[in-house]
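# Observations on the three-dimensional arrangement
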Amino acid sequence: MKQKLYSYIRISIAVIVGILTISAFVGIFYPVKIFNVQLTALLQRTLVDFSLFAVILAAGLLVLTLLFGRIYCSTLCPLGLFQELLMLVFRRKITPQKGYVYKYFLAAVVFGVLIGGTVCLVRLVDPYTLFGSAATGSWLGLAFITALVVLVWFKGRFFCTNICPVGTVLGLISKHALNKIYIESDMCVSCGLCASKCPAGCIDFKNKTVDNETCIKCFKCLSGCRRSGVHYGIKPVPEPAFSPSRRRLLTGGLVLAAWAVAVKGGIELSKNVAVKAKKILLPAGAGSAGEFANRCLNCNLCVQNCPMKIIKKADGEHSTVYLDYMDSYCSFNCHKCSEVCPSGAISRLTLTEKRKTQIGVAHVNEEVCVQCGLCVMECPRQIIKKADGGYPQISPDECIGCGACKQVCPVKAITISAVEKQRIL
């Protein structure tokens, strides 16, 4: 009964997380900052502003894994929950899987480049980023999800066990977790029911062993065993002391070297990305185009939650999300994007700070302007002046580039140009 309770608790948490995830990406509401506990976003936010809260959360996730194993992968990761849903639909038996060494090098390179200063590689393989991209209809995310569906059909949670860099890091910690899944040899009859329930293929029922590095702690094996031979907890008999082989030491050394090279490469890559970044209108708190290009995960959470619908997804011309004032403007009373961004790409600004953050400057084309004065009345900062019979005059040192004047102009005489680097006036 106790073993089944673990499964019920895990499923309950996963359902709550799933509901919050769907609500956030649909843009219905964002009551809980559920994406603040996504490991890659936490690491990125720590690197950007060394947020103490982010450091505490990241440390909390690592301690949680050290105590209970890869609970994160089966309860908090939205892509993991999506794969679990696919497994329920497919109902396929997954055979025990081999762990491949390349996953350590992949994780070393991805996180090395991230620490070097850019998220360019993270966008291509991070589970949270890819889920957000797919959930919002981006072509990269949809292409990935299509491939993932095929992978789950044939290999179950292979992405989690042999590709995902977050899973690889958490797996190394989970391997030495306090609580593990283990098989009690005296009770096991090697029927294989536990292995047939395992989505990660980490149970070798013939040898009565469980690979806790790849085990995602879904606890399905506990309810699958009819003789109560599979347990979760502290193993009664201590495992043999770790004795690394020459091959493991060599692999570890090579992975560490790959990580060091990736960090150095990430530093150079971040400089190139910053130089090539185009000056575009960005949400308040984004800093400069170069900084934002190296920080934005393109999870599109800001896109879905922007009430004015002016934040657009990355496309062939833009490498990150950006602002488009074609149909609307940035509301003076809104800082939603700053609230929902989990990675620190958009800094956490108060509404007062956001109202004073200059993201662009408005310009009036006097050859088109009809001197109606609507822009003067619409400006939330009241910094547009107009003398009788004259053209509107906008102070570049006071304009924040919100676009309200542009939206109200009947003849489209006003344009908004981005600033090199945002600043609080």
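Quick note: structure is the one above.
None of these values were measured; they are calculated from a predicted model. (Residues numbered from 1 in each chain as written. Predicted model: local features only at pLDDT ≥ 70, side-chain atom pairs only at ≥ 80, totals over all residues. Heavy atoms only, no water.)

## Examining the pattern of salt bridges
If you walk through the whole model with that rule in mind, you get 8 salt bridges. With a closest N to O distance of 4.0 Å, Glu268 and Lys271 form a salt bridge. With Glu268 and Lys271 both in helix H14 (residues 246-276) and 3 residues apart, this pair spans about one turn of that helix. Residue Glu268 is classed as partly exposed on the basis of its relative accessible area, which comes to 43%. Salt-bridge contacts for Arg423 lead to Asp397; the nearest nitrogen and oxygen are separated by 3.9 Å. Within this pair, whereas Arg423 is found in strand S10 (residues 414-424), its partner Asp397 is found in the loop between strand S9 (393-394) and helix H20 (404-408), the two being separated by 26 residues in sequence. A relative accessible area of 39% means that Arg423 is categorised as partly exposed. (Salt bridge = Lys/Arg side-chain N within 4 Å of Asp/Glu carboxyl O. Helix = DSSP H or I, 4+ residues; strand = E, 2+ residues; numbered from the N terminus. Buried < 20%, exposed > 50% of the residue type's maximum accessible area, 1.4 Å probe, protein only.)

## Here we look at a nonpolar patch on the surface
A grouping of Val63, Leu67, Phe68, Leu178 and Ile234 is seen on the molecular surface, where their side chains present a nonpolar patch of about 430 Å² in accessible area. Looking at the element boundaries, Leu67 is found in helix H3 (residues 52-68). Among the residues examined, Leu67 registers a relative accessible area of 34% and is labelled partly exposed. (Patch = residues over 30% accessible without salt bridge, like charges linked within 9 Å, V, L, I, M, F, W, Y side chains within 5 Å. Areas by Shrake-Rupley, 256 points an atom, 1.4 Å probe, with all protein chains shown as cover.)

## Points about unusual backbone geometry
The backbone of Ser190 shows a phi angle near 55°, a positive value even though the residue is not glycine. When you line up the elements, Ser190 lands in the loop between strand S1 (180-183) and helix H12 (193-197). Residues other than glycine seldom take positive phi values, yet Lys217 does so here, at roughly 60°. Relative to the helices and strands, Lys217 resides in the loop between strand S3 (209-210) and helix H13 (220-224).

## Observations concerning the packing of aromatic side chains
For the structure shown, the criterion picks out 8 aromatic pairs. Ring centres 5.8 Å apart and planes at 40° place the aromatic pair Tyr6 and Phe219 in the tilted group. Taken together, the positions of Tyr6 in helix H1 (residues 2-26) and Phe219 in the loop between S3 and H13 put the pair 213 residues apart, joining distant regions of the chain. According to the relative accessible area criterion, Phe219 is buried, its value standing at 5%. (Phe/Tyr/Trp six-rings, centres within 6.5 Å; stacked < 30°, edge-to-face > 60°.)

## Considering the pairing of S1
The alternating pattern of S1 places Lys180 and Tyr182 and Ile181 and Ile183 on opposite faces, both of which are buried. Across 4 bridges, the pairing between S1 and strand S4 (residues 230-233) is antiparallel. Its bridge partner being in S4, Tyr182 is matched across the sheet by His231. (Pairing = 2+ DSSP bridges.)

## Quick notes on the side chain of Lys217
With no salt bridge to any partner, buried Lys217 finds its closest opposite charge in Asp211, at an N-O distance of 8.3 Å. Within polar-contact distance, the side chain of Lys217 engages the side chain of Asn212 at 3.2 Å. Excluding residues within four positions of it along the chain, Lys217 makes contact with Arg10, Phe68, Gly69, Arg70, Ile71, Ser74, Ser174, Asn179, Lys180, Ile181, Asn212 and Tyr232. (Lys, Arg positive; Asp, Glu negative; His and termini not counted. Polar contact = N/O pair within 3.5 Å; in protein donor to acceptor, adjacent residues only side chain to side chain. Contact = heavy atoms within 4.5 Å.)

## Notes on the packing of H3 against helix H11 (residues 165-174)
Contact pair H3 / H11: the axes reach a minimum separation of 8 Å and the direction vectors enclose 50°. In terms of axis orientation, H3 runs oblique to H11. Read as a crossing pair, H3 and H11 show a hand that is right-handed. Residues Leu62, Thr65 and Leu66 of H3 touch H11, and the partners they reach there are Leu170, Ile173 and Ser174. (Axes fitted to C-alpha atoms, helices over the stretch in contact; angles between N-to-C directions. Parallel < 35°, antiparallel > 145°, perpendicular 65-115°, else oblique. Left-handed = near helix turned anticlockwise from the far one by under 90°.)

## What to know about the nonpolar core
Tyr72, Leu79, Phe292, Leu301, Cys302, Ile311 and Tyr325 are the most contacted members of the largest nonpolar core, which totals 88 residues. Per element, the largest residue contribution to this core is 5 residues, and it comes from helix H5 (residues 78-90). Not counting the four nearest positions on each side in its chain, Leu79 is found in contact with Pro127, Phe131, Phe144, Ile145, Leu148 and Phe159. If you look at the next biggest cluster of nonpolar residues, it comprises 18 residues, including Ala195, Cys202, Leu222 and Tyr232. (Core = buried A, V, L, I, M, F, W, Y, C linked by side-chain atoms within 4.5 Å.)

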